[in-house]
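# Overview (structure and organization)
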Amino acid sequence: MFNSLDTCSVAAFTATKYGTYDTKKKQTRIVWETDANLPYKGEWYFCVYRKGPNDKRHKFLMNVKPEERVFEDYLLSAGETAEYYVKIRYRDGRATTNSNTVKVEAPSGTANKQ
């Protein structure tokens, strides 16, 4: 995995993104659809960022393969809210702008036992 934080922007990134919380699985699921400009030239992947209930800023979580458009998170507890966004990063360090941000709340009474 390539985890460089170089932020040299190469293009605007448009994503239709939504998030849901599955109370049975106690998981957040983020799904996105990209604009018609994909695939971008060069080797690239999605980067998922999250701002949890106690975070002051969004933090990098993980890379997602270009053919995937889904991320699952088990970090939220009952009544907590998190924000997510994705961006595309190239192997050479270039990156797109951030996608739109989506907010997901774990309903009260769905305690996540870890």
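Now for a quick tour of the structure. (Residues numbered from 1 in each chain as written. Predicted model: local features only at pLDDT ≥ 70, side-chain atom pairs only at ≥ 80, totals over all residues. Heavy atoms only, no water.)

### Comments concerning the overall build of the chain
The secondary structure content of the chain amounts to 0 helices and 7 strands. Tracing the chain from N to C terminus, the helices and strands come up as β-β-β-β-β-β-β. Within the span of the chain, comprising 114 residues, buried residues form 39% of the whole. Across the chain, the fraction of contacts at a sequence separation of at least 24, relative to all contacts at a separation of at least 6, is 64%. Total accessible area on the chain is roughly 6700 Å²; 49% of this is exposed by carbon and sulfur atoms. (Helix = DSSP H or I, 4+ residues; strand = E, 2+ residues; numbered from the N terminus. Buried < 20%, exposed > 50% of the residue type's maximum accessible area, 1.4 Å probe, protein only. Contact = heavy atoms within 4.5 Å. Areas by Shrake-Rupley, 256 points an atom, 1.4 Å probe, with all protein chains shown as cover.)

### Points about the sheet that holds strand 6 (residues 81-90)
On the basis of which strands lie adjacent, the open sheet formed by 4 strands has the order 4-3-6-7 and antiparallel pairing. If you trace the sheet from one side to the other, it starts and ends with strand 4 (59-64) and strand 7 (102-105), each paired once. Strand-to-strand, the axes of this sheet are offset by a mean angle of 30°, without reference to chain direction. Pairing of strand 3 (residues 44-51) with strand 6 involves 8 bridges; the strand directions are antiparallel. Directly across from Cys47, in strand 6, lies its bridge partner Lys87. (Pairing = 2+ DSSP bridges. Axes fitted to C-alpha atoms, helices over the stretch in contact; angles between N-to-C directions.)

### Remarks on a nonpolar patch on the surface
On the surface, a nonpolar cluster with roughly 230 Å² of combined accessible area is contributed by Leu61, Met62 and Leu75. The residue Met62 is located in strand 4 in this model. (Patch = residues over 30% accessible without salt bridge, like charges linked within 9 Å, V, L, I, M, F, W, Y side chains within 5 Å. Salt bridge = Lys/Arg side-chain N within 4 Å of Asp/Glu carboxyl O.)

### Observations concerning the pattern of salt bridges
Tallied over the entire structure, the rule returns 6 salt bridges. Put simply, Glu72 and Arg29 hold a salt bridge, and the shortest N to O gap is 2.6 Å. With Glu72 in strand 5 (residues 70-73) and Arg29 in strand 2 (residues 27-34), this pair connects stretches of sequence that are 43 residues apart. Arg29 gets classed as partly exposed once you look at its relative accessible area, which sits at 33%.

### Observations concerning the packing of aromatic side chains
Applying the stated rule across the entire model yields 5 aromatic pairs. The interplanar angle of 10° and the centroid separation of 4.8 Å between the aromatic rings of Tyr49 and Tyr85 together place this pair among those described as stacked. With Tyr49 in strand 3 and Tyr85 in strand 6, the pair connects residues that are 36 residues apart, well separated along the chain. Here Tyr49 matches Tyr85 in class, with each residue buried. Among the aromatic residues, ring-to-ring pairing joins Trp32, Trp44 and Phe46 into one connected group. Over the ring of Tyr90 we find Arg94; its NZ or CZ atom is 4.2 Å from the centre of that ring. (Phe/Tyr/Trp six-rings, centres within 6.5 Å; stacked < 30°, edge-to-face > 60°. Lys NZ or Arg CZ within 6 Å of the ring centre and 35° of its normal.)

### A word on the nonpolar core
Burial of nonpolar side chains together is a common tendency in soluble globular proteins. In terms of nonpolar packing, the biggest core is built from 18 residues, with Ile30, Trp32, Val48 and Tyr84 touching the most fellow members. Breaking this core down by element, the ones donating at least two residues are strand 1 (15-22), strand 2, strand 3, strand 6 and strand 7. At 5 residues, strand 6 tops the list of elements feeding residues into this core. (Core = buried A, V, L, I, M, F, W, Y, C linked by side-chain atoms within 4.5 Å.)

### Some words on the environment of Ser108
Positionally, Ser108 belongs in the segment after strand 7. Take Ser108: its relative accessible area is 63%, and that puts it in the exposed class. Along the backbone, Ser108 and Glu80 are 28 residues apart, and their C-alpha atoms lie at a distance of 8.0 Å. Not counting the four nearest positions on each side in its chain, Ser108 is found in contact with Ala78 and Gly79.

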